[in-house]
Amino acid sequence: RDPLLDPDEQVPNNRKACESDSGSWVEQEPWDIDPPYCGGLPDNRDNHHGNIGTGKMQSYLWTIPDGDEIVDGDRCVLRLRYNMTSNDFDQPSGVEDGADFDPFFDLDSSFNTNPPLGNDPKADFIGLGIQKSGVLQVQVAVNQFGRTFQDRSHTFIVRDRPDGVASDVRIVNYNVRGRRGNIVQVYPAVEYDFVPEDLEVNVGDLIHFQ
């Protein structure tokens, strides 16, 4: 079937659209927990399957909260958003001259109606003069700058430690990724591999194979 839901099946994701569709917008009270970690990722080249300077894929080491923060059987949602952000443009209009503008953190939805680049911009980009180089054009669509490129959501259930495993014992989740086949057959995915690729454990650590 069509991957897009019919209009009458779609659920608004913002207050204005919800209330205009005769819905009730309900806000959840804060959970009174520490804010999530927010940080920049290492540089990543195009078409390198997520591999970074170490030769390994980008990753994040997450320690599952313990104690009162998560109850046995809690269903968690992991939402991964692949943002494509570029700094290949001059300081956007509307930003004060001399302002410390970081395109990787400051380019947000406020630029949706005033993008930093126009579609297929034409100019003397290398400064040789129009008579020498002619008008140069960059093949680019403005929706390729500062947009959410992919969105993947996953759900999983967190369980308490098994009986007899002390709270200070390290449990490492050992998983697999990729698809069966060689790199050509599975593209744009990757071949089967373990996660993490290099697993370092100490005597007394436990490994949870998934």
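As shown above, the structure is provided for reference.
The present account deals with the structure reproduced in this document. Along each chain, the written sequence defines residue order, and numbers are assigned to residues from 1. Per-residue local features of the predicted model are confined to residues with pLDDT of at least 70, and side-chain atom pairs are confined, for both listing and counting, to 80 or more; whole-chain, interface and lining totals are unaffected and use all residues. Excluded from the side-chain calculations are hydrogens and water; all other atoms, namely the structure's heavy atoms, are used.

## Considering the sheet that holds strand 6 (residues 193–195)
Turning to step 1, where the next piece is worked out: Here a strand pair is declared whenever DSSP counts at least two bridges between the two strands. Secondary structure is summarised from DSSP: a helix means a run of H or I of at least four residues, a strand means a run of E of at least two, and numbering begins at the N terminus for each. Judged by pairing direction, the sheet is mixed, and its three strands sit side by side in the order 6-5-7 without closing on themselves. Each edge of the open sheet carries a strand with a single partner, namely strand 6 and strand 7 (206–209). Between one strand axis and the next, the sheet turns through 30° on average, direction left out of account.
Turning to step 2, where the next piece is worked out: Strand direction decides the pairing type here: strand 5 (residues 171–177) and strand 7, joined by four bridges, are parallel. Counterpart to Ile-171 in the pairing with strand 7 is Leu-206. To get an axis, fit a line to the C-alpha atoms, keeping to the stretch in contact for a helix; angles then go from 0 to 180 degrees between the N-to-C directions.

## Quick notes on the pattern of salt bridges
Turning to step 1, where the next piece is worked out: For this analysis, a salt bridge means a side-chain nitrogen from Lys or Arg found within 4 Å of a carboxyl oxygen belonging to Asp or Glu. If you walk through the whole model with that rule in mind, you get six salt bridges.
Turning to step 2, where the next piece is worked out: Arg-15 serves as the salt-bridge partner of Glu-27, at 3.6 Å between the closest nitrogen and oxygen. Taken together, the residues Glu-27 in the loop between helix 1 (15–20) and strand 1 (74–84) and Arg-15 in helix 1 connect sequence positions 12 residues apart.
Turning to step 3, where the next piece is worked out: Per-residue accessibility, obtained with a 1.4 Å probe over protein chains only, is compared with the maximum for each type, and a residue is labelled buried under 20%, exposed over 50%, and partly exposed between these values. A relative accessible area of 43% places Arg-15 in the partly exposed class.
Turning to step 4, where the next piece is worked out: Asp-193 is paired through a salt bridge with Arg-177; the nearest N and O atoms lie 3.4 Å apart. One end of the pair, Asp-193, is in strand 6; the other, Arg-177, is in strand 5, with 16 residues separating them in the sequence.
Turning to step 5, where the next piece is worked out: Here the salt bridges do not stand alone but share partners, grouping Arg-15, Glu-19 and Glu-27 into one network.

## Notes on unusual backbone geometry
Turning to step 1, where the next piece is worked out: Of note, the amide linkage connecting Val-195 to Pro-196 takes the cis form, showing an omega dihedral of 0°.
Turning to step 2, where the next piece is worked out: Among the secondary structure elements, Pro-196 is positioned in the loop between strand 6 and strand 7.
Turning to step 3, where the next piece is worked out: At Ser-22, a position not held by glycine, the phi torsion is positive, near 65°.
Turning to step 4, where the next piece is worked out: With respect to the helices and strands, the residue Ser-22 is situated in the loop between helix 1 and strand 1.

## As for the packing of aromatic side chains
Turning to step 1, where the next piece is worked out: Only the six-membered ring of Trp is used, alongside the rings of Phe and Tyr, when aromatic pairs are assigned; centres must lie within 6.5 Å, and planes under 30 degrees apart are stacked while those over 60 apart are edge-to-face, with the rest tilted. Scanning all chains against the criterion turns up four aromatic pairs.
Turning to step 2, where the next piece is worked out: Here Trp-62 and Phe-156 contribute two aromatic rings whose centre-to-centre distance is 6.1 Å and whose plane-to-plane angle is 75°, an arrangement assigned as edge-to-face. Linking Trp-62 in the loop between helix 1 and strand 1 with Phe-156 in strand 4 (residues 147–158), this pair joins segments that are 94 residues apart in sequence.
Turning to step 3, where the next piece is worked out: These aromatic residues form a ring-pair network of at least three members: Tyr-174, Phe-194 and Phe-209.

## Some points on the pairing of strand 5
Turning to step 1, where the next piece is worked out: Summarising the sheet, strand 5 and strand 6 pair through three bridges and their orientation is antiparallel. Within the sheet, the bridge partner assigned to Arg-177 lies in strand 6 and is Asp-193.

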